[in-house]
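Structure at a glance
Take a look at the letters that make up each chain.
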Amino acid sequence: MKINGWAALVTGANRGLGKAYARELVKRGAARVYGAARDPATVTEPGVTPIALDVTDPERAAQVAAQCADVTLLVNNAGVMAASTFIGAPNLDAARLEMETNYFGTLRMCRAFAVKGTG
């Protein structure tokens, strides 16, 4: 995959795999790497530009897509795992959080950047 010279945005870039993806993109010559997290102060990887983003917030997703208009590679890494049991959970809150973040958040980001690309 061509990365050299591209601009990338990595969601969940403040720890774990997201931080590793952001680090590797910088290492492989990406022209710019945006690291998105709810708290941008937690994005500390050298060469990564912190961006405030909660993928569950539709308005913020659209703002980030507009703000990062140079992005050619989107890495949807943000996610949550509530680790609640399927049947034994006291309510559906954990399942809703996981779906809103892991499914709808990823879809929201893809759509925001796809719309950006058609304008």
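The coordinates are above.
Residues numbered from 1 in each chain as written. Predicted model: local features only at pLDDT ≥ 70, side-chain atom pairs only at ≥ 80, totals over all residues. Heavy atoms only, no water.

1. Description of helix 2 (residues 58-67)
Each full turn of the α-helix corresponds to 3.6 residues, which orients residues three or four apart in the same direction. Here helix 2 has its buried residues at Arg 60, Ala 61, Val 64 and Ala 65. Projected down its long axis, helix 2 carries its buried residues within an arc of 140 degrees, all on one side. Counted as exposed and oriented over 90 degrees from the buried face of helix 2: Glu 59 and Ala 66. The opening residue of helix 2 is Asp 57, an N-cap whose side-chain oxygen sits 3.1 Å from the backbone nitrogen of Glu 59. (Buried < 20%, exposed > 50% of the residue type's maximum accessible area, 1.4 Å probe, protein only. Helix = DSSP H or I, 4+ residues; strand = E, 2+ residues; numbered from the N terminus. Arc of directions from axis to C-beta. Polar contact = N/O pair within 3.5 Å; in protein donor to acceptor, adjacent residues only side chain to side chain.)

2. Let's talk about the pairing of strand 1 (residues 7-11)
The buried fraction of strand 1 is high, at five of five residues. Of the two faces of strand 1, the one carrying Ala 7, Leu 9 and Thr 11 and the one carrying Ala 8 and Val 10 are both buried. Bridge analysis of strand 1 against strand 2 (residues 32-37) gives five bridges, and the strand direction is parallel. Looking at the pairing, Ala 8 lines up with Val 33 of strand 2. A crossover connection joins strand 1 to the parallel strand 2 through helix 1 (residues 16-27); in handedness this β-α-β unit is right-handed. Looking at chain direction, strand 1 and strand 4 (residues 73-75) are connected through three bridges and run parallel. For Ala 8, the partnering residue across the bridge sits in strand 4 and is Leu 73. (Pairing = 2+ DSSP bridges. Right-handed = clockwise from strand over helix to strand, strands pointing away.)

3. Describing the sheet that holds strand 2
Judged by pairing direction, the sheet is parallel, and its four strands sit side by side in the order 3-2-1-4 without closing on themselves. Whereas interior strands pair on both sides, the edge strands pair on one side only; in this sheet they are strand 3 (48-52) and strand 4. Averaged over neighbouring strand pairs, the angle between their axes works out to 20 degrees when direction is ignored. Of the strands in this sheet, strand 1, strand 2, strand 3 and strand 4 are in contact with helix 1, which crosses strand 1 at around 170 degrees. Lying on the sheet, helix 2 is in contact with strand 1 and strand 3; it crosses strand 3 at an angle near 150 degrees. (Axes fitted to C-alpha atoms, helices over the stretch in contact; angles between N-to-C directions. Contact = heavy atoms within 4.5 Å.)

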